[in-house]
Amino acid sequence: MLAPVAWRTPPRHYGPWEQVASTITEGLLGHGVDVTLFATLDSVTDAELDGVCPHGYAEDPSLDGRVWEALHVAHALARSSEFDLVHNHLDWLPLAFAPSFQAPMVTTIHGFSDPRIVPAYARAASAYVSISDADRSPELDYVSTVHHGVDLDSLPFSAAGGDDLVVFGRIHPDKGTAVAVDIARRAGRRLVICGIVQDERYFAEQVLPHVDGDRVRYLGSVGPDRRAEVLGRAAALLHPIAFDEPFGLAVVEAMACGTPVITYPRGAMPEVVDEGVTGFLVDGPVAAAAAVESAAALDRAACRATARRRFSTARMVTDYLAVYATVLAGPTR
């Protein structure tokens, strides 16, 4: 299992790709699969841990991510003959060396950071898994779409919820953090903001001026120890994205706690949200504000049950075992 090394696996707070790699790894162990996790050396796993990067380069400005990613891939490549299969979560870089790997490769495409990286995918000998049908490139062949799963035990059901709204994710125009502030104001609800600041200027100019500790609170980047508490106490999660999001882990995590979602019908959202059950797909902040009361009135137990059925770790791991069987049975490209 070739995890990214921007953050620890699993991450202390932020790191969705690392989180997915961790969830799959631990789930496979439960099926009796022998897994070696290549990740940062401070990662936490019941699998065999190997790697060269001491800790996440996103957590340490003294580390050059380009260097440590290259060293990380080279280290896994050197051991690749020991494995039946390599599962890549590290974007395009391992694909450049795919012909040298001594085991078949499966690559989960967590999203395309830039369309200019697609040639690396198109030329590589790897089986591709998309995380949503919406995120598929017409230039690639895929062996499957596997929606992410979450650890439901770490996201307990909250039957009561609360009155406040929450926006959860990196603070960036793509995620619509400032739009969420506007939606909450229109709806007459308090807003809790959680996430790393990815765009400092956007945060300083469009978000921070509204943070007053009462109507709008900023909790920083909330880790696994508080995620369920924050999501479970909300009336609804606001997710007013301004890009075609490949999946959206926070959306599923909220649903797992019983908290419905109000989002826009972009990217994977129509695949992830069951309209009128786990939330609503709306067009624009006015419609989002108008949907708050309806979302807060949804059956939270049904929201949790739908998340359990569609987005459990068990379902995701079963899907990946089927992918591995297909790849190991013969060429996919």
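Residues numbered from 1 in each chain as written. Predicted model: local features only at pLDDT ≥ 70, side-chain atom pairs only at ≥ 80, totals over all residues. Heavy atoms only, no water.

A. Up close: the packing of aromatic side chains. On inspection of all chains with the given rule, the structure shows seven aromatic pairs. Seen in terms of ring centroids, F203 and Y218 are 5.2 Å apart; in terms of plane orientation they differ by 55°. Their pairing is tilted. Of the two residues, F203 is situated in helix α6 (residues 200–207) and Y218 in strand β9 (residues 216–218); the sequence distance between them amounts to 15 residues. Overall, F203 belongs to the buried group, its relative accessible area being 9%. Pairing Y320 with Y324 gives two aromatic rings, centres 6.3 Å apart and planes at 35°, and the pair type is tilted. Residue Y320 and its partner Y324 are located together in helix α13 (residues 313–329), separated by four residues, close to a single helical turn. Taken as a pair, Y320 and Y324 share a single burial class, namely buried. The structure contains a cluster of three or more aromatic residues connected by ring pairs, namely F112, Y121 and Y128. (Phe/Tyr/Trp six-rings, centres within 6.5 Å; stacked < 30°, edge-to-face > 60°. Helix = DSSP H or I, 4+ residues; strand = E, 2+ residues; numbered from the N terminus. Buried < 20%, exposed > 50% of the residue type's maximum accessible area, 1.4 Å probe, protein only.)

B. Broad picture of the pairing of strand β8 (residues 191–194). Because side chains alternate across β8, one face comprises the buried residues L191 and I193, and the other comprises V192 and C194, equally buried. Viewed along the sheet, the connection from strand β7 (residues 165–168) through helix α5 (residues 177–187) into β8 turns out right-handed. Of the pairings in the sheet, the one linking β8 to β9 comprises three bridges and is parallel in character. When the sheet's bridge partners are listed, I193 is paired in β9 with Y218. Taken together, β8, α6 and β9 form a β-α-β motif whose crossover is right-handed. (Right-handed = clockwise from strand over helix to strand, strands pointing away. Pairing = 2+ DSSP bridges.)

C. How the structure looks around unusual backbone geometry. Cis geometry marks the peptide bond from T9 to P10; its omega dihedral reads -10°. Residue placement: P10 occurs in the segment before α1 (16–29). Here the phi dihedral of D91 falls at roughly 65°; this positive angle occurs in a residue that is not glycine. Mapped onto the secondary structure, D91 falls in the loop between β3 (86–88) and α3 (93–96). D91 sits in the buried class, given a relative accessible area of 14%.

D. Broad picture of the side chain of H110. Among the secondary structure elements, H110 is positioned in the loop between β4 (105–109) and α4 (118–122). There is a polar contact of 2.9 Å between the side chain of H110 and the side chain of H89. Discounting residues that sit within four places of it in the chain, H110 has contacts with W17, V20, H89, I131, D135, H148 and P246. (Polar contact = N/O pair within 3.5 Å; in protein donor to acceptor, adjacent residues only side chain to side chain. Contact = heavy atoms within 4.5 Å.)

E. Region of interest: α6. Turning to α6, its buried residues number three or more, namely Y202, F203 and V207. Buried residues along α6 cover an arc of 100° about the axis, so they all sit on one side. The exposed residues of α6 that point more than 90 degrees off its buried face are E200 and R201. (Arc of directions from axis to C-beta.)

F. How the structure looks around the pairing of strand β5 (residues 127–130). The two faces of β5 match: A127 and V129 on one face and Y128 and S130 on the other face are all buried. Where β4 lies against β5, four bridges are found, and the strand directions are parallel. Within the sheet, the bridge partner assigned to T108 lies in β5 and is V129.

G. Just the nonpolar core, in detail. Of all hydrophobic cores here, the largest spans 54 residues; its most connected members are M255 and Y324. Per-element accounting of this core gives the leading share, seven residues, to helix α8 (residues 249–256). Residues contacting M255, with those up to four places away along its chain left out, are V261, V272, V273, T278, C303, R304, A307 and F311. (Core = buried A, V, L, I, M, F, W, Y, C linked by side-chain atoms within 4.5 Å.)

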